[in-house]
Amino acid sequence: MTTAALAAERLTHEQKLDRLAEVAVRVGLGLERGQELVMTASLDSLALARRITEHAYRVGASLVTTLFNDDEAALMRYRFAPDESFDRAPAWLYDGMGAAFKSGAARLAIAGANPSLLSNEDPDKVGRANRAVSQAYRPALELITRHEINWTIVASATPAWAAAMFPGDAQDVALAKLWDAIFASSRVDTDDPVAAWKAHDAGLHTRAAYLNEKRYAALQYRGPGTDFRLGLSDDHLWLGGGTTAGNGAYCIPNMPTEEVFTTPHKNRADGTVTATKPLSHQGTMIEGIQVRFEGGRIVEARATKGQEVLQRLIDTDEGARRLGEVALVPHSSPIAASGLLFFNTLFDENAACHIALGQAYSSCLIDGDKLTPEQLAAKGANDSLIHVDWMIGSDKLDIDGITFSGAAEPLMRQGEWV
Ligand code: ZN
Ligand code: ZN
């Protein structure tokens, strides 16, 4: 162990929390002097939200506005609200967030939801409520998926999330274990977290540059229950780590992040894919997913648990049956190496190769943010109300890059870069 590691190990929980807030604001968000910040957090993340608020003002934020949500209040809707409640969403709130983004605000989300909050609720109500939110949030979310503003997501440990991950432990023990995992994967227990993030960011950029030079036409996946060929969109661009947003700020949108990712072609996915981890989607769990694609479209979908939720998800709209993202993550990534299953996309997607149903990132196409929706569609970028990542990587997955002439080049073997 180095002296630097020893020094970091002596930090108190409060000091680590403060460092997490600092890297979230300075490195993740790249918040600029005079910028407004719109933050969302659960009441269980109050301590981190306060630390982030302090650091945002310290770097010169003009105004920090935090929207808090509460699990208990969310459940009361399912217990007591009339049926028509589940087709409603606060459009005025999402319109307001969109207006804030347009006038220059940055966006930070604190993740930490109870992964099975809604598991016992009526899937029809859950599906309708999610759809209503997706529709209402879409205009504001587009500013984020087009990278017009700087944004990031960081995680806070919460009692319900920790209990889901460590069911055998007492609450305080589980919470401490989850915080340790968050601090480690967010690089705040290194001697200089900002320098550690810069080095990591450079590594992801190098990987993306290599793939952009290769310009593969498709990827071929082989593993247990998976035999799948995925065409990449025309003019696709691999991204990883940070990007300069349309407003000029440099941000790293997820903390942690270990992925390089691009836009697949919405009409070019064929074969069978089996998920390697359960998917926690908006408070419900979907396990044992296996789907078959034909011409880019899911034609068969099964799940050993949560089949109904999966079915409703892919029935959201036509684009929900097609892919909007493909991401490569080595099995030796620090999050995968922890061996933990987080039931949270921010972490689990950074521990395994994944694909996402639904909306594509136009920033993953050359000059994508200048293209009209019709031009994006012509290049193969998918369009949907949803964007749901699910994990297909493991130490048994092999991936080949397929060149335009049809030759196969080994890209990953047993989950690791060749
Ligand atoms: Zn991803
Ligand atoms: Zn994604």
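The rules behind the values
- Residues numbered from 1 in each chain as written.
- Chains lettered and ligands numbered in written order.
- Predicted model: local features only at pLDDT ≥ 70, side-chain atom pairs only at ≥ 80, totals over all residues.
- Heavy atoms only, no water.
- Salt bridge = Lys/Arg side-chain N within 4 Å of Asp/Glu carboxyl O.
- Helix = DSSP H or I, 4+ residues; strand = E, 2+ residues; numbered from the N terminus.
- Buried < 20%, exposed > 50% of the residue type's maximum accessible area, 1.4 Å probe, protein only.
- Donors = N, O, S within 2.8 Å, 3.2 Å for Na, K, Ca; no water.
- Tetrahedral: all angles 85-135°; square planar, octahedral: opposite > 155°, others 65-115°.
- Pairing = 2+ DSSP bridges.
- Contact = heavy atoms within 4.5 Å.
- Domains from an automatic or database assignment.
- Buried area = accessible area lost by both parts, 1.4 Å probe.
- Expected span 1.5 Å × (residues − 1).
- Arc of directions from axis to C-beta.
- Axes fitted to C-alpha atoms, helices over the stretch in contact; angles between N-to-C directions.
- Parallel < 35°, antiparallel > 145°, perpendicular 65-115°, else oblique.
- Left-handed = near helix turned anticlockwise from the far one by under 90°.
- Nonpolar A, V, L, I, M, F, W, Y, C, P; charged D, E, K, R; others polar.

Engineer: Where do I start with the pattern of salt bridges in this structure?
Structural biologist: Any two side chains of opposite charge can pair, on the condition that their charged atoms come close. Counted according to the given criterion, the structure contains 28 salt bridges. Taking the shortest distance from any N to any O, the salt bridge between R128 and D83 comes out at 3.3 Å. Note that R128 is positioned in helix α6 (residues 123-145) and D83 in the loop between α4 (71-80) and α5 (91-102), a separation of 45 residues in sequence. With relative accessibility at 17%, the residue R128 sits in the buried group. The partner of R187 in a salt bridge is E258, with the nearest N and O atoms 3.4 Å apart. Placement of R187 in the loop between α8 (171-185) and α9 (193-214) and of E258 in the loop between β9 (250-251) and β10 (260-262) is noted, with a sequence separation of 71 residues between them.

Engineer: Help me understand the coordination of the zinc ion (ligand 1) in this model?
Structural biologist: Each angle at a metal carrying four tetrahedral donors should ideally be 109.5 degrees, and each at a metal carrying six octahedral donors should ideally be 90 or 180 degrees. All of the protein donors around the zinc ion (ligand 1) are E259 (OE), E325 (OE), E349 (OE) and H354 (NE2); their distances to the metal are 2.0 to 2.4 Å. For the zinc ion (ligand 1), the four donor atoms in the first shell make angles of 76 to 147° at the metal, a pattern classed as irregular. The sequence pattern describing where the donors of the zinc ion (ligand 1) fall on their chain is E-x65-E-x23-E-x4-H. In this structure the zinc ion (ligand 2) is found 3.4 Å away from the zinc ion (ligand 1), and E325 serves as a bridging donor for the pair. With a gap of 90 residues between them, E259 in the loop between β9 and β10 and E349 in the loop between α12 (345-348) and β17 (354-358) connect regions that are remote in the sequence. The buried category is assigned to E259, whose relative accessible area is 4%.

Engineer: Explain the pairing of strand β14 (residues 290-294) to me, please; I cannot follow it from the model alone.
Structural biologist: One face of the sheet, then the other: side chains in a regular strand alternate in exactly this way. Only one face of β14 is covered, namely the one carrying V291 and F293; the face carrying Q290, R292 and E294 has none of its residues buried. In this sheet, β14 lies alongside strand β11 (residues 264-274) in antiparallel orientation, the contact comprising four bridges. When the bridges of β14 are listed, T272 appears paired with R292. Bridge count between β14 and strand β15 (residues 297-302): five bridges; the pairing is antiparallel. By the bridge assignment for β15, R292 is matched with E300. If you look at the hairpin formed by β14 and β15, you'll find two residues sitting between the two strands, and G295 has a positive phi there, around 55°.

Engineer: I tried to follow the environment of A155 on my own but got confused; where do I start?
Structural biologist: Mapped onto the elements of the fold, A155 is located in strand β4 (residues 151-155). Residue A155 is classed as buried on the basis of its relative accessible area, which comes to 1%. Sequence-wise, A155 and S363 are 208 residues apart; in three dimensions their C-alpha atoms are separated by 24 Å. Apart from residues lying up to four places away in sequence, A155 is in contact with L20, L48, I110, A111, W161, W179, I182, M255, L346 and F347.

Engineer: What is the right way to read the domain arrangement of the protein chain from this model?
Structural biologist: Partitioning the protein chain into domains gives domain 1 (3-185) and domain 2 (215-241 + 257-417). Between the C-alpha centres of domain 1 and domain 2 the distance comes to 24 Å. At the interface, 30 residues of domain 1 touch 26 residues of domain 2. For the pair domain 1 and domain 2, the two sides together bury roughly 2,300 Å², of which 62% comes from carbon and sulfur. Of all residues in domain 1, the largest losses of buried area upon contact with domain 2 belong to P115, R138 and T145, amounting jointly to 22% of the total for that side.

Engineer: How do you make sense of α5 when you look at a structure like this?
Structural biologist: Because an α-helix packs 3.6 residues into every turn, residues spaced three or four apart end up facing the same way. Look at α5: 16 Å from first C-alpha to last across twelve residues, which is about the 16 Å you get at 1.5 Å a residue. Those residues of α5 that fall on the buried side of the exposure criterion are Y94, M97, G98, A100 and F101. The buried residues of α5 occupy an angular sector of 160° when projected down its axis, which confines them to one face. Summarising the geometry of α5, the exposed residues directed more than 90 degrees from the buried face are W92 and K102. Each element contacted by the buried residues of α5 is listed here: β1 (36-42), β2 (63-69), β3 (106-111) and α6. A positive backbone phi angle near 110° is found at G104, which sits one or two residues after α5.

Engineer: Please explain the packing of helix α2 (residues 13-29) against helix α3 (residues 46-58) as it appears in this structure.
Structural biologist: The description of two packed helices rests on the angle between their axes and on the distance between the axes. Interhelical geometry of α2 versus α3 gives an angle of 50° and a closest axis separation of 8 Å. Relative to α3, α2 is oriented oblique. Once α2 is placed against α3, the crossing between them reads as right-handed. Residues L17, D18, L20, A21, E22 and V25 of α2 lie in contact with α3, whose contacting residues are A47, L48, R51, I52, H55 and A56. Classifying every residue of the contact of α2 with α3 by side-chain character gives eight nonpolar, one polar and three charged.

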